[in-house]
Amino acid sequence: MKTLIWFTLLLSFASLNLSAQEMNMKITDPKYGTEVLIGYCDRAGLQQGEFGEHFAGEYAAYNPEQEYIDNIRGLYGNFDIVIVLGTWCSDSREQVPRFLKVLDEAGIQSDPVTLICVDGNKTAGQLDIAHLGIELVPTFIFYRSGEEIGRIVETPATTLEQDMWEVIGDGR
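Residues numbered from 1 in each chain as written. Predicted model: local features only at pLDDT ≥ 70, side-chain atom pairs only at ≥ 80, totals over all residues. Heavy atoms only, no water.

J.: Any chance you could explain the packing of aromatic side chains here in plain terms?
T.: Note on aromatic pairs: each is described by the distance of the centres and the angle between the planes. The tally for this structure, following the rule as stated, stands at four aromatic pairs. When the centroid spacing of 5.1 Å and the interplanar angle of 35° are considered together, the rings of Tyr-32 and Trp-88 count as tilted. Note that Tyr-32 is positioned in the loop between β1 (25-28) and β2 (35-41) and Trp-88 in the loop between β3 (80-85) and α5 (90-105), a separation of 56 residues in sequence. Directly above the ring of Tyr-59 sits Lys-101, whose terminal nitrogen or CZ lies 5.4 Å from the centroid. (Phe/Tyr/Trp six-rings, centres within 6.5 Å; stacked < 30°, edge-to-face > 60°. Helix = DSSP H or I, 4+ residues; strand = E, 2+ residues; numbered from the N terminus. Lys NZ or Arg CZ within 6 Å of the ring centre and 35° of its normal.)

Structure representation (C-alpha cells):
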C-alpha cells in the first residue's frame, strides 16, 4: 500500500515538476567533477554529448531475442517503468540504450516510461527519489496498477528482454 501511495504521488508530482524543473538539466557532478544530466530527462537528452555517443553504439549493436519482444509487445499498456540512471555510469551507458531498443522493438511508446538521472551520490537534484531506494544504477522499476512488481538492477540476470518478461509477464 505504501508503494502505491508513493507511486501515485510520484506520477502526480511528475507532471507538476516537469514544468517546474528543466528537462535534461545538466550539472557538474560533485563526486566526479564531470558534466551529467540530473533529474527528469528524455531520450533526446540521452542522445547528446558523451552519453549520446555510447547510446548510439549500444543501441545499434544490441539484438534482442524476438521471442521475448513478441511476448512483451502483447502486454503493452499493462505496466509503467521508472528508469533511474547515471550518465556518468558505464552500466547505464550500456544497459539503458539496450533497454530502450527492447521497448522500441516491442512497440512500446515513451508514455509508460519515466527517465530520472542521478549524480554520483545517487541524488536527482531537486527531485526527491529517496523513496525509490536506489543503490545501484541503472535501476529499471516496473509497476502495475501503481504497485511495484519488480526491478532489474544494474545488469540483467539473463538478458534485458528476458528479465523484463519475467517481471511483467507474471500475473499479466
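J.: I'm lost on the pairing of β2 in this one. Help?
T.: For β2, a buried count of six out of seven residues is recorded, marking the element as mostly surrounded by other parts of the structure. Between β1 and β2, which pair antiparallel one after the other, the connecting turn spans six residues, and Gly-33 there sits at a positive phi close to 70°. The pairing of β2 with strand β4 (residues 113-117) spans three bridges and is classified as antiparallel. In the sheet register, Gly-39 faces β4, and the bridge partner there is Cys-117. (Buried < 20%, exposed > 50% of the residue type's maximum accessible area, 1.4 Å probe, protein only. Pairing = 2+ DSSP bridges.)

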